[in-house]
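# Structural overview
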Amino acid sequence: MLDLLLRAARLPDGRGPLDIAVRDGTIVQIAPRIEADALREIDAAGRLVSPPFVDPHFHMDATLSLGLPRLNVSGTLLEGIALWGELKPLLTVEAVVERALRYCDLAVAQGLLSIRSHVDVSTAPLVGVEALLEVKRLVADHIDLQLVAFPQDGLFRAEKAEENLIRALDMGVDVVGGIPHFERTMEDGARSVKRLCEIAAERGLPVDLHCDESDDPMSRHVETLAAETTRLGLGGRVVASHVTAMHSYDNYYASKLIPLIAESGMNVVPNPLINITLQGRSDTYPRRRGLTRVAELRAAGVNVAFGQDCTMDPWYPLGSADMLEVAHMGIHAAPMTSREAMAWAFESVTQGGAKAMGLPDPTLREGGPANMVVLQARDPIEAIRLRATRLFVIRKGRILSETPPRRAALSLPGRPETLDPADYAPRAED
């Protein structure tokens, strides 16, 4: 007896319809037709079944705090940081836990089951660290939550930030973070990159730095990060997040830099929703888009994975834990509308994000964990286009969330009575 049997599923690589058999939390068989009984059977009806979504860049200590203690009127990154400084003294462990758990509930409903969250360690007491370590414990059965010790105010700029960072790592935080472009000088920024990479190397930990989140074409700390990654042999354990200054680099410098990034083996995580709204704020016209050079990095063989960054907090008043929305914005902001690039955008919020987080490849396969999402779409591009409904969210063979299909009832003479958005795309046979 199987625990779960999915019928007529389509996989992201185009294969299908296929049945997927699950026992004891593991995919035991994928085949065109599986003759077996199961405790629960789901008819995917030719819809897409994919790995769960992954968000490799988020700030869970601030999530759902919009309006506390006031709103970000200018909408800028710097006012958001100032506002966060006003909010931090008001934080309690209980309030941060409560907001984070509400966000995790939303994430599960959206099929988002792996999240890397930065947590501010600039100042003591480490309320956010204490809170999110408790959240990590509480959600461990359904979300892979990694925490990054993030000195938001600068490793050297904020008094005792390094001491607090080390303490957070000792408490069980998983990843070394930083923000070199927020230090007082370019020299201090470069020095912070070196120090943070050395701490990670000494402890055998990953590194994830907010790197050059700026419109300044002279903000070039990602070059130092690539060099330190190579020098210390950190490779795929390193993530450069945002890297928005790259959209302002001249082409000659970019042509020198991108091969260094590729050579290092590091990952790059742009955050399209935030980058497209926070960057270019001081521009008139023409106005820069704010997203890093996604196509060029991909062409060089760099693992690029889209992150969400924020949901309803001092920096971003929108957001819904929807990684398909993130991919959708990435396609528009890059821009990249070839079939190959759009399919890659889906991969960037599944396999690419998992790779950036150092997680196992989540591709659905026999012998792999039964972690998957049934989407109201036929393929990855359609899923992004429609921001498809997550019909079933499954973790280790257990159904965590169910949502009815999206359908509209029409009252139009001579037209269908109901409308499924996925039925109205052009087909090859049309």
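Since we're looking at a predicted model, the values are computed, not measured. (Residues numbered from 1 in each chain as written. Predicted model: local features only at pLDDT ≥ 70, side-chain atom pairs only at ≥ 80, totals over all residues. Heavy atoms only, no water.)

Below, the discussion takes up the overall build of the chain. In terms of regular secondary structure, the chain is built from 13 helices and 18 strands. For 430 residues, the compact-globule formula gives about 22 Å, and the C-alpha radius of gyration of the chain, at 22 Å, lands near that figure. For the chain, the spread of C-alpha atoms along the three principal axes comes to 65 × 45 × 45 Å. Buried positions account for 56% of the 430 residues belonging to the chain. Once local pairs closer than 6 in sequence are excluded, the contacts in the chain between residues at least 24 apart make up 75%. Working note: accessible area of the chain is about 17,700 Å², and carbon and sulfur atoms make up 53% of it. (Helix = DSSP H or I, 4+ residues; strand = E, 2+ residues; numbered from the N terminus. Rg over C-alpha atoms; globule rule 2.2 N^0.38 Å. Buried < 20%, exposed > 50% of the residue type's maximum accessible area, 1.4 Å probe, protein only. Contact = heavy atoms within 4.5 Å. Areas by Shrake-Rupley, 256 points an atom, 1.4 Å probe, with all protein chains shown as cover.)

To continue, consider the packing of aromatic side chains. Tallied over the full model, the rule gives 5 aromatic pairs. Their ring planes at 45° and their centres at 6.1 Å tell us that W84 and W315 sit as a pair that is tilted. Of this pair, W84 sits in helix α1 (residues 77-87) while W315 sits in the loop between β13 (303-304) and α10 (323-333), and the two are 231 residues apart along the sequence. An identical accessibility class is assigned to W84 and W315; each is buried. Taking 5.4 Å as the distance between ring centres and 75° as the angle between the ring planes, the aromatic pair formed by F306 and W344 counts as edge-to-face. Residue F306 is located in the loop between β13 and α10, and its partner W344 is located in helix α11 (residues 339-348); the two are separated by 38 residues in the primary sequence. One exposure class covers both F306 and W344, and it is buried. When the ring centre of F156 is taken as origin, the NZ or CZ atom of R191, which lies over that ring, is 3.9 Å away. The lysine or arginine in question, R220, covers the ring of Y253, its NZ or CZ lying 3.8 Å from the ring centre. (Phe/Tyr/Trp six-rings, centres within 6.5 Å; stacked < 30°, edge-to-face > 60°. Lys NZ or Arg CZ within 6 Å of the ring centre and 35° of its normal.)

Glancing now at empty space enclosed by the protein. Throughout the structure, instances matching the rule amount to 2 cavities of 30 Å³ or more. In this model, the largest cavity occupies a volume close to 100 Å³. Going through the elements one at a time, α1 and α8 (272-278) are the ones with two or more residues in the lining of the largest cavity. Broken down by class, the residue content of the lining of the largest cavity amounts to 8 nonpolar, 4 polar and 2 charged. Here the second largest cavity defines a volume of roughly 40 Å³. Lining the second largest cavity, in full, are H59, D61, A62, W84, H118, V119, D120, F150, Q152 and W315. Sort the elements by how many residues they give to the lining of the second largest cavity and strand β7 (residues 112-120) lands first, with 3 residues. Tallied by class, the residues present in the lining of the second largest cavity amount to 5 nonpolar, 3 polar and 2 charged. (1 Å grid on protein atoms, 1.4 Å probe; cavity = no way out; pocket = protein on both sides within 12 Å on 5 of 7 lines; lining within 4 Å. Points joined across faces, edges and corners; volume = space filled by probe spheres on them. Nonpolar A, V, L, I, M, F, W, Y, C, P; charged D, E, K, R; others polar.)

Their axes nearest at 9 Å, the elements helix α2 (residues 93-109) and helix α3 (residues 127-139) cross at an angle of 40°. As judged from the angle between their axes, α2 and α3 are oblique. In this structure, α2 meets α3 at a crossing whose hand is right-handed. Every residue of α3 that contacts α2 at V93, V96, V97, A100, L101 and C104 is listed here: V127, E130, A131, L132, E134, V135, L138 and V139. (Axes fitted to C-alpha atoms, helices over the stretch in contact; angles between N-to-C directions. Parallel < 35°, antiparallel > 145°, perpendicular 65-115°, else oblique. Left-handed = near helix turned anticlockwise from the far one by under 90°.)

Spatial ordering of the open sheet is given by β5-β14-β15-β16, a layout of 4 strands whose pairing is antiparallel. Each of the sheet's edge strands pairs with one partner strand only, and the pair in question is β5 (48-50) and β16 (398-402). Adjacent strand axes in the sheet meet at a mean angle of 20° when their direction is disregarded. (Pairing = 2+ DSSP bridges.)

Counting residues in hydrophobic clusters, the biggest one holds 102 residues, and the most contacted among them are M60, I115, V135, V222, L225, I261 and L375. It is α2 that contributes the most residues to this core, 8 residues altogether. Leave out the neighbours within four places in its chain, and M60 touches A100, Y103, C104, I115, S117, H118, L132, V135 and L145. Membership of the second largest hydrophobic core comes to 19 residues, among which are L18, I20, V22 and L364. (Core = buried A, V, L, I, M, F, W, Y, C linked by side-chain atoms within 4.5 Å.)

What follows is about the pairing of strand β2 (residues 18-23). Within β2, 5 of the 6 residues are buried, which leaves it mostly tucked inside the rest of the structure. In this structure, strand β1 (residues 2-9) lies alongside β2, joined through 4 bridges in antiparallel fashion. Pairing of A9 across the sheet is with L18, part of β2. Judged from the 5 bridges that link them, β2 and strand β3 (residues 26-31) form a sheet pairing that is antiparallel. Its bridge partner being in β3, D19 is matched across the sheet by A31. Hairpin connection of β2 to β3: 2 residues between the antiparallel strands, including D24 at a positive phi of 55°.

We now examine the layout of surface pockets. One way to see where empty space is left: roll a probe the size of a water molecule over the atoms. Put simply, the largest pocket is a space of about 390 Å³. Residue lining of the largest pocket: 20 residues in total, with L77, L78, E213, S214 and D215 positioned closest to the centre. When residues in the lining of the largest pocket are grouped by element, the largest group, 3 residues, is from α1. Each residue belonging to the lining of the largest pocket can be placed in one class, and the counts come to 7 nonpolar, 8 polar and 5 charged.

This brings us to the pairing of β16. Pairing geometry for strand β15 (residues 390-395) and β16, over 4 bridges, is antiparallel. Looking across to β16, one finds that R395 is bridged to R398. Once β15 ends, the chain turns through 2 residues before running back antiparallel as β16, passing K396 with a positive phi of about 50°.

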